[in-house]
Amino acid sequence: MKLKKFTSIFAATALALGVLAGCGEKSSSDGDGESSSSSKDGGTIKIGLNLELTGAVASYGTSEADGIQLAVDEINEAGGIDGKKIELVKVDNKSEAAEATSGAVKLTTQDKVVAIIGAATSGATVAQAQIANDNETPLISPSGTSPTVTVNEDGSLNEYVFRTSFIDPFQGTVAANFAANELKVKKAAIYSDNSSDYSKGLAKSFKEYFESAGGETVANESYVAKDSDFRSTLTRIKSANPEFIFIPGYYEEVGLIVKQAREMGIDVPLMGADGWDSPTLLDLAGVDALNNTFTVNHYSSEDPDGKIQDFKEKFKAKYNQSPNAFNALGYDTVYLLKDAIERAGEVDSKKIKEELEKTDGLELITGLYSVDENHHPIKSATILEFQDGEQVFKTKVDP
């Protein structure tokens with residue numbers, strides 16, 4: 001399945017995603033026993049981590065941290081980058097934007113890191129963007145999918161900000177394409193989080209493409225983050241007789257929505273995006289309720305590609321579990337940065353930024369990676385289907 005017709009989605013207009021607030025940080029090395037001076041002084045290469053290690057979406061940040069650590073361990077064991085070991089300086093942004101901001105200040109002005117990886121969410125990444133730009137320090141979000149991570153609402157580019165994941169409009173379009181052309185549904189309902197620009201942006205792009213493909217949106221309902229009883233809205237959706245429901249939200253609410261929908265006899269296919277990707281979703285929804293549901297995601301550990309299977313085995317050996325998409329995105333972000341540092345020829349933040357902008361066809365676990373003029377990745381997406389509690393690889397979609 002291709003989306004050649006919609007390659008231009010990567011230049012989609014900005015969608016805001018800012019939902020987080022607070023302050024504080026902690027730091028540590030990566031555990032390889034090295035405690036060195038700044039990489040800019042010829043010691044180890046200091047890379048900052050500014051991730052959601054606790055708080056509302058800690059599942060995303062901790063998953064990325066595990067993937068990052070695996071990549072750093074591999075690189076250091078192989079001799080580092082041009083003979084220099086990577087030293088991680090970690091900040092817990094506690095799933096709050098103000099924490100991410102204060103953490104970025106610390107990492108750039110006190111720790112003098114050469115680059116920052118994080119945050120996992122768009123809002124906490126946007127909160128760091130101006131600091132990264134002002135201090136000329138590359139900032140790479142593994143999974144911040146809002147276009148506003150790299151392009152401001154006024155159209156200006158955040159020159160030092162990049163991402164490893166594809167963007168929200170692409171996810172919404174992929175989901176709509178799958179519903180219309182693979183599942184052959186004509187009537188769809190949308191149930192989105194009205195407090196989240198991530199969710200609203202996905203809903204908007206889904207609706208636009210689904211209707212352009214000849215489909216009809218028979219219900220367009222919303223909830224608010226932290227809601228727990230969705231039955232009254234689900235009753236309205238059910239009465240509209242949709243053949244498919246798109247639920248672009250985060251796992252905390254989605255798990256309950258899926259569970260309650262199935263209890264009410266809604267048995268049509270349900271679909272979401274990367275916000276579904278957490279083991280907690282299965283705990284909340286239950287195995288049976290998740291059957292006949294689909295997600296757009298960044299990769300699948302069941303993809304038969306040899307590079308993916310090799311990564312899966314290495315991850316399982318270290319953590320005793322199969323890697324999810326956030327593990328893979330964290331891992332890929334380290335190798336994206338490594339590639340730019342090597343091409344720069346020296347550990348210089350400005351030159352690393354310039355090389356990140358030139359990245360073209362880099363082979364990563366989550367697909368071939370190139371960067372467009374808006375610092376949006378051009379890469380494939382994966383469709384997964386839940387079957388008896390397992391995420392099963394369905395298909396891969398190229399941009």
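An unreviewed UniProt entry lists the protein under the name ABC transporter substrate-binding protein, with Siminovitchia terrae as the source organism. In its Sequence similarities (unreviewed entry) section, UniProt records this for the protein: "Belongs to the leucine-binding protein family."

Asker: Can you tell me about the sheet that holds strand β13 (residues 377-378), naming the residues and giving the values?
Answerer: Read across the open sheet, the three strands follow the order β11-β12-β13; overall the sheet is antiparallel. Of all strands in the sheet, those with a lone pairing partner are β11 (362-364) and β13, marking the two edges. Two elements, β11 and strand β12 (residues 367-371), share three bridges in a ladder whose sense is antiparallel. Bridged to E363 within β12 is L368.

Asker: So what's going on with the packing of helix α1 (residues 58-77) against helix α10 (residues 325-344)? Which residues, and what values?
Answerer: When two helices pack together, their arrangement is given by the angle between the helix axes and by the axis-to-axis distance. Orientation of α1 relative to α10, taken along the N-to-C sense of each, is 45°, at an axis distance of 6 Å. As summarised for this structure, α1 and α10 are arranged oblique, according to the angle between their axes. The chirality of how α1 crosses α10 is right-handed. Two secondary-structure elements touch here, α1 through Y60, S63, E64, D66, G67, I68, L70, A71, V72, E74 and I75 and α10 through F326, N327, G330, Y331, V334, Y335 and K338. Split by residue class, the contact of α1 with α10 holds 10 nonpolar, four polar and four charged.

Asker: Outline the packing of aromatic side chains, listing residues and values.
Answerer: Tallying each qualifying case throughout the model produces 17 aromatic pairs. Ring centres of Y191 and F230 lie 6.3 Å apart, and the angle between their planes is 85°; on these two criteria the pair is classed as edge-to-face. Separated by 39 residues along the polypeptide, Y191 in strand β6 (residues 187-193) and F230 in the loop between β7 (216-223) and α6 (231-239) bring together distant segments of the chain. Comparing Y191 with F230, the two get one shared label, buried. Considering the side-chain rings of Y223 and F230, the 5.5 Å spacing of their centres and the 85° angle between planes classify their relative orientation as edge-to-face. The exposure classification of Y223 matches that of F230, with both residues buried. Here a set of aromatic residues connected by ring pairs shows up, and it is made of Y299, F311, F315, Y319, Y331 and Y335.

Asker: With reference to specific residues and values, describe the sheet that holds strand β4 (residues 139-141).
Answerer: Taken in spatial order, the five strands make up an open sheet running β2-β1-β3-β4-β5, and their pairing is parallel. In the strand order of this sheet, the two ends are held by β2 (86-92) and β5 (161-163), each with one partner. Here the average twist between neighbouring strands, direction ignored, is 25°. Two elements, strand β3 (residues 115-117) and β4, share two bridges in a ladder whose sense is parallel. The residue of β4 that forms the bridge with I117 is I140. The strands that α1 touches are β1 (45-51), β2 and β3; relative to β2, the one it contacts most, it runs at about 170°. Against the sheet, helix α2 (residues 97-110) contacts β1, β2 and β3, and its axis sits at roughly 170° relative to β1.

Calculation rules
- Residues numbered from 1 in each chain as written.
- Predicted model: local features only at pLDDT ≥ 70, side-chain atom pairs only at ≥ 80, totals over all residues.
- Heavy atoms only, no water.
- UniProt positions renumbered as here; feature names shortened; annotations may be inferred.
- Pairing = 2+ DSSP bridges.
- Helix = DSSP H or I, 4+ residues; strand = E, 2+ residues; numbered from the N terminus.
- Axes fitted to C-alpha atoms, helices over the stretch in contact; angles between N-to-C directions.
- Parallel < 35°, antiparallel > 145°, perpendicular 65-115°, else oblique.
- Left-handed = near helix turned anticlockwise from the far one by under 90°.
- Contact = heavy atoms within 4.5 Å.
- Nonpolar A, V, L, I, M, F, W, Y, C, P; charged D, E, K, R; others polar.
- Phe/Tyr/Trp six-rings, centres within 6.5 Å; stacked < 30°, edge-to-face > 60°.
- Buried < 20%, exposed > 50% of the residue type's maximum accessible area, 1.4 Å probe, protein only.

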